[in-house]
Amino acid sequence: MTAISLTERVDVDASPDPAFAAATDWDRQREWMLGTTVRVCRGEGGSVGSEVDAVTGVGGIGVADRMQITVWDAPSRCEMRHLGRVVRGVGIFAVRPRGRDAAIFEWTEQLELPLGVLGRLGWPLVGPLFGWGLRLSLDRFAAFCRTYPR
């Protein structure tokens, strides 16, 4: 299986505590994460072992992604293992302080490409679209942080 890693970051006008809370407010991720709805399906969503279900798509067609929290170090890091058939690997949200009321939010995906040779050949086509969606979501996250309850 081929693995890829993609990291994007954005400056947010919120200190680490509210930025981390905003990123891990699973029910509200749809407000900033492009085409995605998320719900907690096991645990309370804020500890190791909790699981969330995400569906990303448009027009009723999407990809289901069950994830299990493997690292919960609020307000600086949440690591999740993707458990699905299509989406496998690790996702990481990291928050670092950047001044008094600001932070850097970093989103990393370390994914195992599915479909063997087809996945490797298709990534040069799908990868830029995936990166664009990640970047757009991060820009929306920065705006979300400005109004997120503190």
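Residues numbered from 1 in each chain as written. Predicted model: local features only at pLDDT ≥ 70, side-chain atom pairs only at ≥ 80, totals over all residues. Heavy atoms only, no water.

Peer 1: Help me understand the packing of aromatic side chains, please; the structure alone is not making it clear to me.
Peer 2: For any pair of aromatic rings, the description consists of the separation of the ring centres together with the inter-plane angle of the planes. Applying the stated criterion across every chain, the model contains ten aromatic pairs. Seen from their ring centres, Phe-93 and Trp-107 are 5.6 Å apart, and the 85 degrees between their planes marks the pair as edge-to-face. Residue Phe-93 is located in strand β6 (residues 88–97), and its partner Trp-107 is located in strand β7 (residues 103–112); the two are separated by 14 residues in the primary sequence. Each member of the pair, Phe-93 as well as Trp-107, carries the same accessibility label: buried. Geometrically, the ring pair formed by Phe-144 and Tyr-148 is tilted, given 5.3 Å between the ring centres and 50 degrees between the ring planes. Neither residue differs from the other here; Phe-144 and Tyr-148 are each classed as buried. In this structure an aromatic cluster arises from ring pairing among Trp-32, Phe-93, Phe-105, Trp-107 and Phe-141. (Phe/Tyr/Trp six-rings, centres within 6.5 Å; stacked < 30°, edge-to-face > 60°. Helix = DSSP H or I, 4+ residues; strand = E, 2+ residues; numbered from the N terminus. Buried < 20%, exposed > 50% of the residue type's maximum accessible area, 1.4 Å probe, protein only.)

Peer 1: Looking at this structure, I do not really get helix α2 (residues 117–147). What am I missing?
Peer 2: Each turn of an α-helix holds 3.6 residues, which means side chains three or four residues apart point in the same direction. With 31 residues, α2 extends 44 Å from end C-alpha to end C-alpha; this agrees with the ideal 45 Å at 1.5 Å per step. At Trp-123, α2 shows its largest kink, close to 55 degrees, and the proline Pro-124 lies no more than four residues downstream. Among all positions of α2, only Gly-119, Gly-122, Gly-127, Gly-131, Gly-133, Leu-134, Ser-137, Leu-138, Phe-141, Ala-142, Phe-144 and Cys-145 are buried. On its buried face, α2 is in contact with β1 (3–12), α1 (16–23) and β7. (Expected span 1.5 Å × (residues − 1). Bend = angle between axes of the 7 residues up to and from the residue. Contact = heavy atoms within 4.5 Å.)

Peer 1: How should the side chain of Glu-106 be read in this particular structure?
Peer 2: For Glu-106, the location among the structural elements is in strand β7. By relative accessible area, which is 16% here, Glu-106 ends up buried. There is a polar contact of 2.7 Å between the side chain of Glu-106 and the side chain of Arg-9. Setting aside its immediate chain neighbours within four residues, Glu-106 contacts Thr-7, Glu-8, Arg-9, Ile-92, Phe-93, Ala-94 and Arg-96. (Polar contact = N/O pair within 3.5 Å; in protein donor to acceptor, adjacent residues only side chain to side chain.)

Peer 1: Would you explain the pattern of salt bridges in this entry?
Peer 2: For side chains of opposite charge, pairing can occur when their charged atoms come near one another. Evaluated as defined, the whole model comprises 13 salt bridges. Across the pair Glu-8 and Arg-135 runs a salt bridge, and its minimum N-O distance is 3.0 Å. In this pair, Glu-8 is assigned in strand β1 and Arg-135 in helix α2, connecting sequence segments 127 residues apart. Residue Arg-66 pairs with Asp-53 through a salt bridge whose shortest N-O separation is 2.7 Å. Within this pair, whereas Arg-66 is found in strand β4 (residues 61–73), its partner Asp-53 is found in strand β3 (residues 51–58), the two being separated by 13 residues in sequence. Judged by relative accessible area, which is 17%, Asp-53 ranks as buried. By sharing partners, the salt bridges in this structure join Arg-39, Arg-42, Glu-51, Asp-53 and Arg-66 into a single network. (Salt bridge = Lys/Arg side-chain N within 4 Å of Asp/Glu carboxyl O.)

Peer 1: Where do I start with the environment of Thr-2 in this structure?
Peer 2: For Thr-2, the position within the fold is in the segment before β1. For the pair Thr-2 and Leu-113, spaced 111 residues apart in sequence, the C-alpha separation works out to 5.4 Å. With near-sequence residues (within four places) excluded, Thr-2 lies in contact with Leu-111, Glu-112, Leu-113 and Arg-120.

Peer 1: Sorry, what's going on with the sheet that holds strand β5 (residues 77–83) here?
Peer 2: Strand pairing in a sheet is mediated by backbone hydrogen bonds. Such pairs are either parallel or antiparallel. Within the open sheet, the seven strands sit side by side as β1-β7-β6-β5-β4-β3-β2. Their pairing is antiparallel. Strands with a single pairing partner mark the edges of an open sheet, and in this sheet they are β1 and β2 (36–42). Sheet twist, expressed as the mean angle between neighbouring strand axes with direction ignored, is 20 degrees. Contacts from α1 reach β1, β4, β5, β6 and β7, with the element oriented near 155 degrees to β6. Sheet strands touched by α2: β1 and β7. Its angle to β1, the strand with the most contacts, is close to 25 degrees. (Pairing = 2+ DSSP bridges. Axes fitted to C-alpha atoms, helices over the stretch in contact; angles between N-to-C directions.)

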